[in-house]
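Fold and contact review
In case you want the letters, here they are:
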Amino acid sequence: MSANGTVIETGIIFDIQRASLHDGPGLRTTVFLKGCPLRCAWCHNPESQKREPQVGQSGKVYGRRMSVKEVMEVVRADRSFYESSGGGMTVSGGEPTVQFEFCRALLEAAKCEGIHTCLDTCGQVSHEGLQELLPWVDLFHFDLKHWNAAGHRQWTGVDGSLIQENLDWLLEQGARIHLRCPIIPGVNDDAEHAAFLDRWEEHPGIEYLERLPYHTIGNAKYEDLGMTVPQF
Ligand code: SF4
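These numbers come from a predicted model, not from an experiment. (Residues numbered from 1 in each chain as written. Predicted model: local features only at pLDDT ≥ 70, side-chain atom pairs only at ≥ 80, totals over all residues. Heavy atoms only, no water.)

1. Describing the overall build of the protein chain
Threshold: Here a helix means four or more residues in a row that DSSP labels H or I, a strand means two or more in a row labelled E, and each is numbered from the N terminus. For the radius of gyration, the atom set is restricted to C-alpha positions; the globular benchmark scales as 2.2 Å times the number of residues to the power 0.38. Contacts were defined at the residue level, with two residues in contact if any of their heavy atoms lie within 4.5 Å. Working definition of accessibility: Shrake-Rupley area with a 1.4 Å probe, residue cover restricted to the visible protein chains. Positive: Lys, Arg. Negative: Asp, Glu. His and the chain ends are not part of the count. For the purpose of locating charges, the reference atoms are NZ of Lys, CZ of Arg, CG of Asp and CD of Glu.
Secondary structure summary: the protein chain contains eight helices and ten strands in total. Against the globule reference of 17 Å for 232 residues, the protein chain gives a C-alpha radius of gyration of 17 Å, in line with a compact fold. Taken over the C-alpha atoms alone, the protein chain extends approximately 45 × 45 × 40 Å along its principal axes. Across the protein chain, every contact between residues at least 6 apart in sequence was considered, and the portion connecting residues at least 24 apart equals 69%. About 10800 Å² of surface is accessible on the protein chain, with carbon and sulfur atoms providing 52% of the total. Of the side-chain charges in the protein chain, 21 are positive and 32 negative, and the distance between the mean point of each set is 6 Å.

Take a look at the structure:
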């Protein structure tokens, strides 16, 4: 519900990918919501950072408003593939909880229809928000970006303390968690971060830890949006 008590039925998305194999188990439909509280220097989805729709220099529009009903019509279309592959819906971003009510409504709608749900989050979300989302999330994809607070702040804009608290809390709740860890040259490709990830990989509450290589797939979008292209 919004502050005035009305249900948020629409949100701003910048993509929906069907038949995705990389956003959780099985074949999935991934819904990408705009808006992110972080500014990771290597972000490969720069069009996800601002919550509002944007128009690139090419004329391409990044972001469109869709209702929960419209998104669910797309998600539902692949139900048979989810059932045969063990897949479902992933809500990603940006940081999807920036559009909190829309994100919650999508997860709730899918879960109520028996569709497996995955939340792809950077973890920078209020404790109360996470608590509210927990019943609607079957699997968390949770990012770990830097082993210490100063480095986390330098490269993402936040010190990572709330992210760490939220990860600890999810573990206490027994949530299913996959950790996703971008390895960026000159940022976190050092021995300290490697040891940090090794420790998390051995944690009994973590199902899986994935190290993700840096890539330049987002560079054209930086240029189109008039943003400085990252150099690593
Ligand atoms: S959390 Fe993800 S979407 Fe947000 S700035 Fe970082 S890489 Fe980009």
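2. Digging into the UniProt feature "domain: Radical SAM core" (unreviewed entry) in the protein chain
Put simply, the rule reads: UniProt positions are given in the numbering used here, feature names are shortened, and annotations may be inferred rather than shown by experiment.
The sites that carry the UniProt feature "domain: Radical SAM core" (unreviewed entry) are, in the present numbering, residues 22-232. Taken end to end, residues 22-232 is 36% helix and 20% strand, and its first and last C-alpha atoms sit 24 Å apart.

3. What to know about empty space enclosed by the protein
This is how the line gets drawn: Using a grid of 1 Å spacing that covers the protein atoms alone, one calls a set of points a cavity when a 1.4 Å probe fits there but cannot get out, and a pocket when the set is open and has protein on both sides within 12 Å along at least five of seven lines; lining residues are those with an atom within 4 Å of a point. Grid points are joined across faces, edges and corners, and a volume is the space filled by probe spheres set on the points. Three residue categories are used. Nonpolar comprises Ala, Val, Leu, Ile, Met, Phe, Trp, Tyr, Cys and Pro, charged comprises Asp, Glu, Lys and Arg, and polar comprises the others, including Gly.
A complete count under the given rule lists one cavity of 30 Å³ or more for this structure. As for the largest cavity, its lining consists of A19, L27, R28, D78, F81 and Y82. Of the residues assigned to the lining of the largest cavity, the class counts are four nonpolar, no polar and two charged.

4. Focus: unusual backbone geometry
Peptide bonds are mostly trans, and most non-glycine residues show a negative phi. Cis geometry is adopted by the peptide bond preceding G94, which originates at G93 and carries an omega value of 15 degrees. Locating G94 in the fold gives a position in the loop between β6 (88-92) and α3 (100-112). The phi dihedral of A19 is positive, around 55 degrees, even though this residue is not glycine. Structurally, A19 can be placed in strand β1 (residues 10-20).

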